Each structure stands twice: as structure tokens, then as C-alpha cells.
Amino acid sequence: MIHDFGIVWSERDLLLSGLGNTTILSALSAAAALLLGFALTPALMSKQRLPASIARGFVDGMRCVPFLLFAYIVYYGLPSFGIRLDNWTSGLVALTIYNAAYMAEILRGAWAAQPREPIEAGVAFGFSNIGLFRHIVLPPLLLAAGPVIGNQMIQIVKDSAFLTIIALPELTHAASSIQSRHYVPFAAFITAVFLYWGLCLVIEAGVGSIERLAAARR
Amino acid sequence: MSGSDVLAILQGAVVTVTLSLAGILIGLPIGLALAVLRWADVPVIARAVAVYVSMLRATPLVTLLLLLFFALPNIGIEIDPISAAILALVMNTAAFNCEVWRAGLMNFPKDQYEAAQSVGMNAGLRFRRIVLPQIVRGCLPGLVNEMSLLIKVTPVLAVVGVVDITRAAVRIGAETYDPLPPFLVAVALYAPIVFALVSLQRWIERRQSKAEAAA
Amino acid sequence: MGENRKVLDVAGVSKRFGDLEVLSDISFQVEKGETICVLGPSGSGKSTLLRCINWLERPDAGQIYLNGVQIGVSGGGLVMNDRELSQIRTHIGMVFQHFALWPHLTVLQNLMEAPVHVQKRPKAEVRDEALALLAKVGLGDKRDAFPAKLSGGQKQRVGIARALAMRPDLLLFDEPTSALDPELVGEVLVVMRDLAREGMTMLVVTHEMGFAREAATRVLFLDRGRVVETGPPERFFSNPETERARQFLARYAGDTANGRRGA
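Residues numbered from 1 in each chain as written. Chains lettered and ligands numbered in written order. Predicted model: local features only at pLDDT ≥ 70, side-chain atom pairs only at ≥ 80, totals over all residues.

**Q** Explain the overall build of chain C here, please?
**A** Assigned secondary structure in chain C consists of 9 helices and 10 strands. In terms of overall dimensions, chain C is globule-like: its C-alpha atoms have a radius of gyration of 18 Å, near the 18 Å expected for 263 residues. Projected onto the principal axes, the alpha-carbon positions of chain C cover approximately 55 × 50 × 40 Å. The burial tally for chain C puts 45% of its 263 residues in the buried class. Once local pairs closer than 6 in sequence are excluded, the contacts in chain C between residues at least 24 apart make up 63%. (Helix = DSSP H or I, 4+ residues; strand = E, 2+ residues; numbered from the N terminus. Rg over C-alpha atoms; globule rule 2.2 N^0.38 Å. Buried ≥ 20, exposed ≤ 12 C-beta atoms within 10 Å, placed from the backbone. Contact = placed C-beta atoms within 7 Å.)

What follows is the structure in C-alpha cells.
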């Protein structure tokens, strides 16, 4: 067993590059999904029926489709329409679009729970448009939604593992490769599990500090 | 896509539903047991459960499945894809269910529990007659949510060769060089199941908030 | 015989929460049929004392005996386990400040739950007795209602009936009317007064001075965790012996005159 871990240690470069890919992929798609979510949320809450129903259809649709299937569709299905993406781009696109729906729903919920008065006060003091959004609306919204967004980021990290099926060299793929070449399944995958756990603990620590920031301001 | 192709995907649906049900039905009580162990603060075991739940919630299902499928034979336990799949599903969903149950237990009103103590109910009676009937109601939305999430991760079982909806669709796509139609059929099978569960959850939540408002 | 009339014997009970000594060397006895009202300012440890008696809180020192049997410590000197404590608790009834009814059961089911499942009494007998108790507290028509539909005063009367259904030797009341709107206090105090008159052994923590004056056989005055004064209500209210009791009564004299509850 120790010998097995020794083999894993000797392959640490591969594992670390897998972890790096997982982290970069998750971070990029989380950021992109959040931005897309910000664009979607107004449509979701719109009083006009067309944008609202399109947005609602998209969000509900993504909620009902398994991510792995969606990733398959993006990678294997899009070429039927002439869009051929490599596995990295497919993975990024799939993760981003899928989670944009969840982010939009999270932001909508957080926005609905926000008190209106501070914003009215902001308008009364002369804030408008971008300034209003940046200084008055956004900070409390992010503080309130922080924990839920953090949970979604953990979800994104775990979804990224699915992309091993399209041969994206993330962490699970690296562990798989090590185990298939050296026959050290337990050592390889347990190490991957601990690395995922560590990554999630980092995200949870970040969420924790946002929660403390929020609590101090209550 | 021919009729027999559609049939193959439907057969995959049977597998998906069966394995999902197995995971849900086994994972619910195990999750409750884990939550009770933490709530009762059994020395050592409560900490072990906390660590287990934390790790399982952070582990991607595909990684867990590969770990079980390849590592168990290595230490002498032969395991077939279906058993590995069910084991992975149960381990995963039990950890998430544990947190849902635990939230219900921790939010349980202390004075109702003390009233049960004061009339001489022992721990077993208190839990069975007073705590459990009420937390089942409170935890239902979270548990149904977890059920819908479980169904959405079942495609991972294709990775170890279990022929569920996704693997059937992938195989047909590979054979016909036309991957999109079987994928869309797959979506058409998953979506109603998940949508039904999500709607059920929303209906339960609405009913409960109405009941609370009326009280 | 004199000894057999002693229902509760509290000897040297102390309890601390962290650095704070909430109860210091509390000793008193309750004879059968007595109604003892425990009075005192907020933070004097009254509720903690009550909760120590049925070991909802565990005393740090002292002994408590119910009808001669020690609560919390078994014959061998070991701390009682949950099962042994539960056995003893069937002889002590408790009425809670916030009623603590079980919301998923009807009023009648609330009353029947423990006698059937803990005391293992036959259902028909328990049912008859429960209905009689509900009639006694004036809630016979509410037997199939759920607690959420009742007013505070009604809930508390159900709470009292539920405690009585166990046929306890001693009834503990933890500020039973403090959570009630003023108009609802009276209906609960009436029930409690009748119980006292019928000879129930009661230990009541309360701010209702009028009730203490009328129904108590003895008053226990607690201040900062100690029994400062004890005696019959006529003497305590008109001629308190200690300065602290005098200060306390001075604060409450105006309040009871105006019908207002103290802090």
C-alpha cells in the first residue's frame, strides 16, 4: 500500500496538473456562469412575457437535464450543426451554460429577498444606473447570496469531474490514467478524493469569510 | 434512429429508474441514521460521521464510482458494475440526506422535546413518536430535492458499463454516426422524471407554507 | 405518618452555568397537598431550580428525593441513565411557559400519548380519563382540535391536563402564565387554583402575586440563587422579614395593583 502511494507520488506532476485544470476550469466557468446569470436574471424577473418565458424555459430546462448528458450533447451533438469544439472548449461551454441557469435562479431568489428601502434611499441620494448597481445594489446582494453561490461552485467542481468522459485532462482523468497504467486504484483515487475535498474546503472557507462579513454588517 | 434503437434506450430507462429507486430507498434511512448519530453526539462516531459526510459531499460521483469499482477488487472484494453503482449512489446520497435530516433535527423545538422528557418518555419513544413524525414533514422538500439530484447524476454509471439511458444513447449514436437524435430521446426521458420530482418539491413547499400561514 | 407526607425533599442543590452560580445550596421540602409558590426577581434561578427537580438540568451538587426515592442517582450511587430517569419523571408533571404541546397530535392525543405509550395503560381507560380532564379544564369540545388552532390560554390548560393525565405525585409549573396575553391569564389561574384546593401537590414558579397570595400554602423567595425567605403568603406579603424581600415586593406592589406583570 505504501508502495502504491509511492507510485502516486512519483506521478504527482500529472495529478497536480489535473488539479490545476479542475481548478481553472471550475473558476472560469463559475465566473462566466455568474456573469451570464446576471444577464439572465432581469429576463427571468421581467414583466414582459416573452423574455420571461424564454428565460424560465431555459432555467427549468437546465434543471431537468443531467449535466453529463448535456456535456455529451455539446461535445458530440453540436458537430451535427457544424460546430466542432475541442474537449476543453466543450467542457467550458457546457459547464458555463449549465450553471448560468442555476446562477440566474440563485440571483433571482437573493434579489427577491432584498429589502427595497436601501435602494430607494440610494436613488434619493442621487445614485443611478451603473453607480447604483455597483455601490448600492450589488454588495448586499453578493453578501446575501454568497453562501449559495459558494455551494454552486462546489457543485461546479464536482460536475467538472464528469468531463473525464470527453477526455478532458482534469483531476479524475489524471487519477484514472495513473491507476490504469500502474494498477494502483485505491491510492490513485483516494488521493484524488482528498484533493477534491481540499479544494472544497478552500471554497467553504471563502464562503465562511463572506458569511462573517455579512454577519458583521447585520 | 430505428424502433429497436428507441427500445434499447427505453430498456436503459428501466435500469436508470431501478437503480435510482434503489439508491433513494436505501440512502434515505442511512442518511437518517447518520444524522441521528451526529445529533446524539455519540463520542468518536459523531466526529467520524462528520468527516465522512464532509468528504462524500465534496467527492464527485464519478471519482467515487471509479474508486469503488477498481479499488475493491484490489483488496479482494469482487464487485460487479451494478453493485458498485448502487453502492456509490447510496454512499453519495446518504451523505447529502444526512445534512437535510440534521438540519431538521437541530431546528427541532427544544421545549417539545423537554415536554416529552418530562412525561417520562425514553429516548426511543421521544424520537419515534415526537421528533420523527414532525421532521419528516419539515425535511421533505430537501429530501425530494436530493432525489431529483440523484436522478441527474445516474448517467455517471455509464462510466463503469452499466447500460442506463445515457449509455444506451451513446452506443446508438456511435453505431449510427448520428449522436444527436438518441441524445434528444435521452433528454426526453430524463426531463419528465426530474421535472415531476421538482414539481412535487415545489408543491410540498407551497402546501407547507400555506399550512403555516393558516395556523 | 409525618415522613410519608413529604413528597419532595431538596437538599443542598447547587447549579452553575460556566462561571455563573445560578443555584447555591438550595434546601426545602414540600409536603403532600401543599402549593409552594417560588417567587423572585429575574435571574434568581427559579426556573433552573424547577428544571433540576426533574433533571432536565443536572444539578452540580445536592440531592433531590421524590417520595423518599432519590432522583438522578440510583441506589448504587451511579448517575441514572435515560431509562431510569424516565421512570421517575412519570411521577412528576411539568407545565411549560410556552406550553410545549406536540403540534402533530390533537388535543386528546396530546393527553393520551404518554399514559398509553409510557405507562402502558389501557387505551379505553386513558381515553375516558383524558376526556374527563379536558372537561375539567373547560376544553371538552376541543378534543379533536390541533394545538395550532388554540389560543394561548387554551393551550396552557391543555398543557395542565396533559400533565395531570399521568396522575403525577407532584406538579411543576414553570411560569405558566408569563407567555400569555393578560386577558388569558385568568382562565389558567382558575384551573391552577382549583387544583390547589383539591389537594394537588404543586410547585409553582410565577410572577402572579395575586395567585401566590390566594392559593399558596407557602412562598419560597429566591434571590441570586439562594432561598432568602420562606413562609406563609399572609406573612410574606404583609410583613416580609428580609430587606431583599421588601425591595422585591415594593417593586411588584404597584404592578399587581395595576394588573401589570413584572419584568
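**Q** Any chance you could explain the overall build of chain A here in plain terms?
**A** Scanning chain A from terminus to terminus reveals 9 helices and 0 strands. In sequence order, chain A lays out its α and β elements as α-α-α-α-α-α-α-α-α. C-alpha atoms of chain A, sized along the principal axes, occupy 70 × 50 × 25 Å. Looking at chain A as a whole, 39% of its 218 residues are labelled buried. Residue pairs at least 24 apart in sequence account for 73% of intrachain contacts in chain A once pairs closer than 6 positions are excluded.

**Q** I would appreciate a short explanation of the interface of chain C and chain B in the present structure.
**A** It is common to report an interface's size as the accessible area lost on association of the parts. On the side of chain B, 17 residues touch chain C, which itself brings 20 residues to the contact. Those elements that place two or more of their residues in the side of chain C that touches chain B are helix 2 (82-89) and helix 3 (107-117) of chain C. With 5 residues, helix 2 of chain C is the single largest residue contributor to the side of chain C that touches chain B. Here the residues of the side of chain C that touches chain B are counted per class, giving 9 nonpolar, 7 polar and 4 charged. (Nonpolar A, V, L, I, M, F, W, Y, C, P; charged D, E, K, R; others polar.)

**Q** Sorry, what's going on with the environment of Arg89(C) here?
**A** With respect to the helices, strands and loops of the structure, Arg89(C) is situated in helix 2. Under the C-beta neighbour-count criterion, Arg89(C) is labelled buried, with 26 such atoms within 10 Å. Sequence separation of Arg89(C) and Trp55(C) is 34 residues, and the distance between their C-alpha atoms is 8.6 Å. With sequence-adjacent residues up to four places away left out, Arg89(C) is seen in contact with Gln117(B), Ser118(B), Val119(B), Gly120(B) and Asn54(C).

**Q** What is the right way to look at the sheet that holds strand 1 (residues 6-17) of chain C in this model?
**A** In any sheet, the strands associate via hydrogen bonds between backbone groups, in a parallel or an antiparallel arrangement. All names here are of chain C. Ordered in space as 2-1-4-5, the 4 strands form an open sheet in which the pairing is antiparallel. Unpaired on one side and paired on the other, strand 2 (20-31) and strand 5 (69-70) mark the two borders of the sheet. Set on the sheet, helix 1 (residues 46-53) makes contact with strand 1, strand 2 and strand 4 (61-66); between it and strand 2 the angle comes to about 60°. (Pairing = 2+ DSSP bridges. Axes fitted to C-alpha atoms, helices over the stretch in contact; angles between N-to-C directions.)

**Q** Would you explain the interface of chain B and chain A in this entry?
**A** Taken together, the 29 residues of chain B in the interface contact 30 residues of chain A. Residue assignment for the side of chain B that touches chain A shows that the elements contributing at least two residues are helix 2 (45-58), helix 3 (61-74), helix 6 (123-153), helix 7 (165-176) and helix 8 (180-214) of chain B. In terms of residue count, the dominant contributor to the side of chain B that touches chain A is helix 8 of chain B (9 residues). Here the side of chain B that touches chain A is built from residues that sort into 23 nonpolar, 5 polar and 1 charged.

**Q** It is not clear to me how the sheet that holds strand 8 (residues 202-205) of chain C should be interpreted in this structure. Could you clarify?
**A** Residue and element names in this part refer to chain C. Read across the sheet, 6 strands follow the order 6-7-8-3-9-10 without closing on themselves; strand pairing throughout is mixed. Edge positions in the open sheet fall to strand 6 (92-95) and strand 10 (226-231), since each of these has one partner strand only. Shown here is a sheet whose adjacent strand axes are inclined to one another by a mean of 20°, direction ignored. By the bridge criterion, 5 bridges tie strand 9 (residues 218-223) to strand 10 in an arrangement that is antiparallel. When the sheet's bridge partners are listed, Val 219 is paired in strand 10 with Gly 231.

**Q** How do you make sense of helix 7 (residues 129-162) of chain A when you look at a structure like this?
**A** Turn by turn, an α-helix covers 3.6 residues, leaving residues three or four places apart pointing in a common direction. With 34 residues, helix 7 of chain A should cover 50 Å at 1.5 Å per step; its first-to-last C-alpha distance of 40 Å lies more than 12% under that length. By the largest-angle criterion, Gly146(A) marks the main kink of helix 7 of chain A, which is about 55°, and a proline, Pro147(A), follows within four residues. (Expected span 1.5 Å × (residues − 1). Bend = angle between axes of the 7 residues up to and from the residue.)

**Q** Before we go on, may I ask you to explain the confidence of the model for chain A in this structure?
**A** Where the model shows low pLDDT, its predicted coordinates should not be examined in detail. Summarising the model, chain A shows a mean pLDDT of 89, and 100% of its residues fall at 70 or more. Within chain A, helix 6 (residues 117-124) of chain A has the poorest average pLDDT of any element, 86, and helix 8 (residues 171-182) of chain A the best, 93. (pLDDT = per-residue confidence, 0-100.)

**Q** What am I meant to see in helix 5 (residues 152-164) of chain C here?
**A** Residue and element names in this part refer to chain C. For helix 5, spanning 13 residues, the distance from its first C-alpha to its last is 18 Å, which sits close to the expected 18 Å at 1.5 Å a residue. For helix 5, the buried fraction is high: 12 of the 13 residues fall into the buried class. Taken together, the buried residues of helix 5 touch strand 6, helix 3, helix 4 (123-136), strand 7 (170-174) and helix 6 (182-197).

**Q** Before we go on, may I ask you to explain the environment of Lys6(C) in this structure?
**A** Residues and elements named next belong to chain C. Relative to the helices and strands, Lys 6 resides in strand 1. Remark: the alpha-carbon pair of Lys 6 and Arg 197, spanning 191 residues in sequence, is separated by 18 Å. If sequence neighbours within four positions are ignored, Lys 6 has contacts with Gln 29 and Glu 31.

**Q** I keep staring at the arrangement of the chains and nothing clicks. Help me out?
**A** The interface with the highest contact count, out of 2 pairs of chains in contact, is the one between chains A and B. For the non-touching pair chain A and chain C, the nearest C-alpha separation works out to 26 Å.

**Q** Help me understand the pairing of strand 2 of chain C in this model?
**A** Every other side chain in a regular strand lies on the same face of the sheet, so the side chains alternate between the two faces. All names here are of chain C. Bridge count between strand 1 and strand 2: 8 bridges; the pairing is antiparallel. Following the sheet pairing, Leu 8 is matched in strand 2 by Val 30. Two successive antiparallel strands, strand 1 and strand 2, enclose a turn made up of 2 residues, where Gly 18 displays a positive phi of approximately 65°.

**Q** Got a minute to help me understand the packing of helix 5 of chain C against helix 6 of chain C in this structure?
**A** Between two packed helices, what matters for the description is the angle formed by their axes and the separation of those axes. Residue and element names in this part refer to chain C. Orientation of helix 5 relative to helix 6, taken along the N-to-C sense of each, is 20°, at an axis distance of 8 Å. Viewed along their axes, helix 5 and helix 6 adopt a mutual orientation that is roughly parallel. The hand of the helix 5/helix 6 crossing is right-handed. Listed contacts from helix 6 to Gly 152, Gly 153, Gln 156, Arg 157 and Ile 160 of helix 5 are Leu 184, Glu 187, Val 188 and Val 191. Here the residues of the contact of helix 5 with helix 6 sort into 4 nonpolar, 3 polar and 2 charged. (Parallel < 35°, antiparallel > 145°, perpendicular 65-115°, else oblique. Left-handed = near helix turned anticlockwise from the far one by under 90°.)

**Q** Got a minute to help me understand unusual backbone geometry in this structure?
**A** All names here are of chain C. Residue Ala 100 is not a glycine yet carries a positive backbone phi of 55°. Of note, Ala 100 is situated in the loop between strand 6 and helix 3. Within the chain, Lys 120 stands out as a residue other than glycine whose phi angle is a positive 55°. Mapped onto the secondary structure, Lys 120 falls in the loop between helix 3 and helix 4.

**Q** What is the right way to look at the confidence of the model for chain C in this model?
**A** Counting all residues, the mean pLDDT for chain C is 91, and 94% of those residues have values of 70 or more. Across the interface, the model reports ipTM at 0.87; the global pTM reads 0.85.

**Q** Explain the packing of helix 7 of chain A against helix 9 (residues 185-216) of chain A here, please?
**A** All names here are of chain A. Between helix 7 and helix 9, the least distance of the axes is 8 Å, while the angle of their chain directions is 175°. In terms of orientation, helix 7 lies roughly antiparallel with respect to helix 9. Across from Leu 143, Ala 144, Gly 146, Pro 147, Gly 150, Met 153, Ile 154 and Val 157 in helix 7, the residues of helix 9 making contact are Tyr 196, Leu 199, Cys 200, Ile 203, Glu 204, Gly 206, Val 207, Ile 210, Glu 211, Leu 213 and Ala 214. The residue inventory of the contact of helix 7 with helix 9, partitioned by class, reads 14 nonpolar, 3 polar and 2 charged.

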